[in-house]
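One letter stands for each residue in the lines below.
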Amino acid sequence: MIVERNLPLQPLNSFGIAARAGELVRVRGEADLRAVLADPELAAQPKFVLGGGSNIVLTGDVRALVLKVEVAGRRVLEQTDRHTLVEAGAGENWHDVVTWTLDQDLPGLENLALIPGTVGASPVQNIGAYGVELQDRFHELDAIDLQTGEVFTLDAAQCGFGYRDSVFKHTAATPGDFGLAGRALILRVRLALPRAWQPELSYLDLARKAQEAGTAQPSARQIGDWVVEIRRAKLPDPAVIGNAGSFFKNPTVTPEQCADIIGRDPKLVHYPMPDGSVKLAAGWLIDACGWRGKRVGNAGVYDKQALVLVNRGGPEQPATGGEVMTLAKAIQTSVYERFGIRLEPEPVVV
Ligand code: EPU
């Protein structure tokens, strides 16, 4: 185990915010974490688990011991009646794993192509795109307790998946609550890919691609290629313009609230949900408030997708976490004042 000190985190977060880690340890497997716990000084420190850094906003130097997850490995485990089970180390790049499954004719992850970040981060926020969420393909995961070094396995129910949410985003604030934020590090994720695969084309952008191609039964690879095209057209590439994907969750409202807003703003983008609630496009709400292309210092609102905040300063003069959060708060205030809706940030603010 090597402890790296005063390490720049700018290359390790997709926003490209400049901050430092006082101490950082790379975790390639259980043994590395156990070595940390065997060191009385390191064991006593609060810990921060860092995956691909694509869903965080750093508002200053990180004082907690940073555990950079680098657990590698991918393998096909077994076939059950309905699924092929595959496993990937938490440090693997998510999109590489999607490509690896498609290369082996294992469909199921194509709608989730090109999502930045690592496999280990995928259950934390239950990544989702174009009609599929991680929970639809999730089997189980192995994690390690950051206090005891004990390895445990969680199934989907135990992960408490919700929209961009899981048990890993919550702390056990009240007795009886089960939250694992800051308490566990995900080591490996096992996915269940359906053997009776059907294309998922319900999302408008994908339905349009299928129509253009003149097919209702595209291959998984074809869908993966379309998803890559759609994402490239709409979302900034973090390697070029720093960002953390969607900055806010899409809010849900009651049908009455929705009807009330439509009364004033007939163009409101909304989607009725199976549970009777209505999901609104946060990007549309922000856009309607005139935020597209606006800036606070070097933090900006992406001009092609108002839901994405970007680093306009590049690597030389990067936006600070403070600028990003000032911009985010100003957006929240204006959306609340106009629509009465409180937008909830999606990335983890550190
Ligand atoms: N819209 C605008 N103006 C904007 C942005 C969006 O009017 O500036 C409208 C669009 O025209 C569209 C609607 O809002 O009708 C929805 O936009 P989009 O299709 O781009 O999807 P989204 O709801 O903004 C969500 C996820 C994305 C995911 C896509 C595709 C969240 C918070 N975001 O975005 O996930 O890729 O759907 O499934 O749920 C992420 O979580 O980081 C992420 C990128």
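All figures in this text were calculated on a predicted structure; none of them were measured in a lab.

Colleague: Quick question: what am I supposed to make of the site of the ligand here?
Modeller: Looking at the ligand, there are 23 residues lining it, with Y130, Y163, Y203, D287 and A306 nearest. Measuring from a nitrogen atom of the ligand, one finds a side-chain N or O atom of D287 at 2.8 Å. At a separation of 2.8 Å, an oxygen atom of the ligand approaches a polar side-chain atom of Q305. Protein coverage of the free-state accessible area of the ligand, which is 820 Å², stands at 83%. Examining the composition of the shell around the ligand, we find that three residues originate from one element, helix α8 (residues 282–288), more than from any other.

Colleague: Looking at this model, I keep getting lost on the sheet that holds strand β2 (residues 20–27). Mind explaining?
Modeller: Whenever strands of a sheet pair, they do so through backbone hydrogen bonds, lying parallel or antiparallel. Across the sheet, which stays open at both edges, the four strands sit in the order β1-β2-β5-β3 with mixed pairing between neighbours. Each edge of the open sheet carries a strand with a single partner, namely β1 (3–8) and β3 (47–50). On average, adjacent strands in this sheet sit at an angle of 35 degrees to one another, irrespective of strand direction. Pairing analysis gives four bridges linking β3 to strand β5 (residues 65–69), with the strands arranged parallel. The partner of F48 across the bridge, within β5, is V66. Of the strands in this sheet, β2, β3 and β5 touch helix α1 (residues 30–38), which is tilted by about 130 degrees from β2.

Colleague: Explain the packing of helix α3 (residues 94–103) against helix α6 (residues 220–234) to me, please; I cannot follow it from the model alone.
Modeller: Helix packing for two helices is described by the angle between their axes and how far apart those axes are. At a minimum axis distance of 10 Å, the contact between α3 and α6 shows a crossing angle of 155 degrees. By the angle between their directions, the pair α3 and α6 is classed as roughly antiparallel. Relative to α6, the crossing made by α3 is left-handed. In this structure, α3 contributes H95, T99, L102 and D103 to the contact, and α6 contributes A220, R221 and V228. In the contact of α3 with α6, the residues fall into three nonpolar, two polar and two charged.

Colleague: Any chance you could explain the pattern of salt bridges here in plain terms?
Modeller: Pairing of side chains with opposite charge becomes possible as their charged atoms draw close. Tallied over the full model, the rule gives 20 salt bridges. Of the charged contacts, one joins R5 and E23 as a salt bridge, the two residues approaching to 2.8 Å between their closest N and O atoms. Here R5, found in strand β1, pairs with E23, found in strand β2; they are 18 residues apart in sequence, far enough to count as distant. Given a relative accessible area of 55%, R5 falls into the exposed group. We note a salt bridge from D287 to R292, for which the minimum N-O separation is 2.6 Å. Through salt bridges with shared partners, one network takes in E30, R75, E87, E140, D142, R188 and R190.

Calculation notes
Residues numbered from 1 in each chain as written. Predicted model: local features only at pLDDT ≥ 70, side-chain atom pairs only at ≥ 80, totals over all residues. Heavy atoms only, no water. Near = heavy atom within 4 Å. Polar contact = N/O pair within 3.5 Å; in protein donor to acceptor, adjacent residues only side chain to side chain. Areas by Shrake-Rupley, 256 points an atom, 1.4 Å probe, with all protein chains shown as cover. Helix = DSSP H or I, 4+ residues; strand = E, 2+ residues; numbered from the N terminus. Pairing = 2+ DSSP bridges. Axes fitted to C-alpha atoms, helices over the stretch in contact; angles between N-to-C directions. Contact = heavy atoms within 4.5 Å. Parallel < 35°, antiparallel > 145°, perpendicular 65-115°, else oblique. Left-handed = near helix turned anticlockwise from the far one by under 90°. Nonpolar A, V, L, I, M, F, W, Y, C, P; charged D, E, K, R; others polar. Salt bridge = Lys/Arg side-chain N within 4 Å of Asp/Glu carboxyl O. Buried < 20%, exposed > 50% of the residue type's maximum accessible area, 1.4 Å probe, protein only.

Just geometry here; none of it tells us what the structure is for.
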